[in-house]
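Next come the chains, spelled out residue by residue.
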Amino acid sequence: MTGTERRAVVVEDDDDIRQLITHSLGMQGFAVAVASNGREAIDLVTSTDPDLVTLDLGLPDLDGIEVCRRVRETSQAYIIMISARTEEIDRLMGLETGADDYLTKPFSPRELQVRVNALLRRPRTSWDPTAGATGPIPVVVPNGANGTHVVAGSGTADTNGHDVHATHTGRGPRSGDPDPVVRHGLLAVDTESRTVTVHDTEVELTRTEFDLLTTMLAAPRRVWSRAVLLDTLWGAGWSSEEHLVEVHVGNLRRKLTRAAPAGTRPLIRTVRGVGYRMEEPDAQ
Ligand code: CA
């Protein structure tokens, strides 16, 4: 295994399904380690630090939800939870399990690959606080060896409404590090450590929730439609899955609200029939 190889942990007690998933991920270039129960899974995630975990809900020892939460305590891996029951998936989506996506058995290897690709295409949020005025997607990727950066994404933001403390402008080579903390009212998002606080209370977010939040904060006065958020975070081909956005935004909003002082307006507003936008900092 080389240092750049993508790693996956497959957690499944059914031999046939485990082999199918292992084979499918192997075809996608993952080095796969397998676990057939929850305790093994937690140990394996700790020891291998995977990029992706597929997690069967029905395990012989621990509840899959419990495994997911425990894994999430130490791992930033994308987690796909797998269940044989559609109604179970519906229930899970209303919980804060820490999973990034859900899949119902039976599924084809192709279906799994599509889901995995969609997760991997997500912006790895390496936030550029100056990017807000130029595009909604706060992704900065190194471009070659000359130290320049490319801001991914397109579209326009009406204004760069958040309170950032960048000391530079433009997107050339940097002199001095920009402050990685983006502030918006009570909210502070440290894009280097990927930590979020509301009114100095730290809020534990899943990767999906964090990516949603940083995407919206890139243009906080913009109204973000479900379709655009879906396209930005999940990639093309997901246009019928807008409920995913609703579920993850709902969980994100609940966590942020819980950390805010009582009586504070929700930090994310629903714009009826359209989508979501950040609450004005002054209104908090
Ligand atoms: Ca099972």
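As the structure is a computational prediction, the values presented were derived from the model and not from experiment. Residue indices begin from 1 for each chain and proceed along its sequence in written order. Per-residue local features are limited, in this predicted model, to residues with pLDDT of at least 70; the limit for side-chain atom pairs, both in listing and counting, is 80 or more; totals at the level of whole chains, interfaces and linings are taken over all residues. Here the side-chain values reflect all heavy atoms present in the structure, with hydrogen atoms and water set aside.

A short note on the packing of helix 6 (residues 207-217) against helix 7 (residues 226-234)
Thinking step 1. Close contact between helix 6 and helix 7 brings their axes to 11 Å; oriented N to C, the two are set at 120°. Relative to helix 7, the element helix 6 lies oblique. The two elements helix 6 and helix 7 cross, and the hand of that crossing is right-handed. Touching Thr208, Asp211, Leu212, Thr215 and Met216 of helix 6 are Leu229, Thr232, Leu233 and Trp234, all from helix 7.
Thinking step 2. Considering only residue class, the contact of helix 6 with helix 7 consists of 5 nonpolar, 3 polar and 1 charged. Note on geometry: axes are C-alpha line fits, over the in-contact stretch for helices, and angles between N-to-C directions span 0 to 180 degrees. Helix and strand labels come from DSSP, where a helix needs a run of H or I of at least four residues and a strand needs a run of E of at least two; each type is numbered from the N terminus. When describing relative orientation, an angle under 35 degrees is termed roughly parallel and one over 145 degrees roughly antiparallel, while 65 to 115 degrees is termed roughly perpendicular and anything else oblique. Left-handed is the label given to a crossing in which the near helix is rotated counterclockwise from the far helix by less than a right angle, and right-handed is the label when the rotation is clockwise. Between two residues, a contact is recorded if the distance between any of their heavy atoms is within 4.5 Å. Under the scheme applied here, ten amino acids are nonpolar (Ala, Val, Leu, Ile, Met, Phe, Trp, Tyr, Cys and Pro), four are charged (Asp, Glu, Lys and Arg), and all others, including Gly, are polar.

Let's talk about the coordination of the calcium ion
Thinking step 1. Shown as donors are all N, O and S atoms within 2.8 Å of a metal ion, widened to 3.2 Å for Na, K and Ca; because water is not in the atom set, sites may appear incomplete. Protein-derived ligands of the calcium ion are Asp13 (OD), Asp56 (OD) and Gly58 (O), with the metal-ligand distances lying across 2.1 to 2.3 Å.
Thinking step 2. Counting residues between consecutive donors of the calcium ion along the chain gives the motif D-x42-D-x1-G. One end of the pair, Asp13, is in the loop between strand 1 (6-11) and helix 1 (15-27); the other, Asp56, is in strand 3 (residues 52-56), and 43 residues separate them in sequence.
Thinking step 3. Under the relative-accessibility criterion, Asp13 is labelled partly exposed at 34%. Here's how the labels work: a residue is buried when its accessible area is under 20% of the maximum for its type, exposed when over 50%, partly exposed in between, all with a 1.4 Å probe on protein chains only.

Here we look at the environment of Ala259
Thinking step 1. Assignment of secondary structure puts Ala259 in helix 8 (residues 242-259).
Thinking step 2. Residue Ala259 is classed as buried on the basis of its relative accessible area, which comes to 14%.
Thinking step 3. Expressed as a C-alpha distance, the spacing of Ala259 and Glu202, which sit 57 residues apart in the sequence, is 7.7 Å.
Thinking step 4. Once residues lying within four places of it in the same chain are set aside, the contact partners of Ala259 are Val198, Thr201 and Val203.

Describing helix 1
One turn of an α-helix holds 3.6 residues; hence residues three or four places apart share an orientation.
Thinking step 1. Expected helix span is taken as 1.5 Å per residue step, with the number of steps being one fewer than the number of residues. With 13 residues, helix 1 should cover 18 Å at 1.5 Å per step; its first-to-last C-alpha distance of 18 Å lies within 8% of that length.
Thinking step 2. Within helix 1, the full set of buried residues consists of Arg18, Ile21, Ser24 and Leu25. For helix 1, the arc enclosing every buried residue in end-on projection is 135°, short of the 170-degree limit, so these residues lie on one face. Of the residues in helix 1, the exposed ones pointing more than 90 degrees away from the buried face are Asp16, Gln19, His23 and Met27.
Thinking step 3. Close packing links the buried residues of helix 1 with strand 1, strand 2 (30-35), strand 3, strand 4 (78-83) and helix 5 (109-121).
Thinking step 4. Two residues or fewer past helix 1, Gly29 is found with a positive phi of approximately 95°. For this quantity, the arc is that covered by the directions from the helix axis to the C-beta atoms.

A few points about the sheet that holds strand 4
Thinking step 1. Strand order across the open sheet formed by 5 strands is 2-1-3-4-5, with parallel pairing between neighbours. Lying at the two open borders of the sheet, with one neighbouring strand each, are strand 2 and strand 5 (101-104). Along the sheet, successive strands turn relative to each other by an average axial angle of 20°, direction set aside.
Thinking step 2. Across the sheet, helix 3 (residues 64-74) touches strand 3 and strand 4, and the angle it forms with strand 4 is around 175°. Strand pairing is assigned whenever DSSP detects at least two bridges linking the two strands.

Some points on the pairing of strand 14 (residues 275-278)
Thinking step 1. Pairing of strand 12 (residues 224-225) with strand 14 involves 2 bridges; the strand directions are antiparallel. Paired with Trp224 across the bridge in strand 14 is Tyr276.
Thinking step 2. Note that strand 13 (residues 268-271) and strand 14 share 4 bridges and pair antiparallel. Counted as the bridge partner of Thr270 is Tyr276 from strand 14.
Thinking step 3. In textbook terms, the turn of a hairpin is the stretch between consecutive antiparallel strands, and for strand 13 and strand 14 this stretch comprises 3 residues, one of which, Gly273, has a positive phi near 75°.

What about the confidence of the model for the protein chain?
Thinking step 1. Summing up the model confidence of the protein chain, the mean pLDDT is 77 and the portion of residues at 70 or higher is 77%.
Thinking step 2. Every residue in residues 124-175 scores below 50 in pLDDT, and together they form 93 contacts with partners more than four places removed in sequence or on other chains. Scored between 0 and 100, pLDDT is the confidence that the predictor attaches to each residue.

A short note on the sheet that holds strand 11 (residues 201-203)
Thinking step 1. Read across the open sheet, the 4 strands follow the order 8-9-10-11; overall the sheet is antiparallel. Only two strands of the sheet have a single partner each, and these edge strands are strand 8 (181-184) and strand 11. Across the sheet, the axes of successive neighbouring strands diverge by a mean angle of 25°, strand direction being ignored.
Thinking step 2. Contacts from helix 6 reach strand 8, strand 9 (187-190) and strand 10 (195-198), with the element oriented near 110° to strand 9.
Thinking step 3. The sheet strands contacting helix 8 are strand 9, strand 10 and strand 11, and the helix crosses strand 11 at an angle near 165°.

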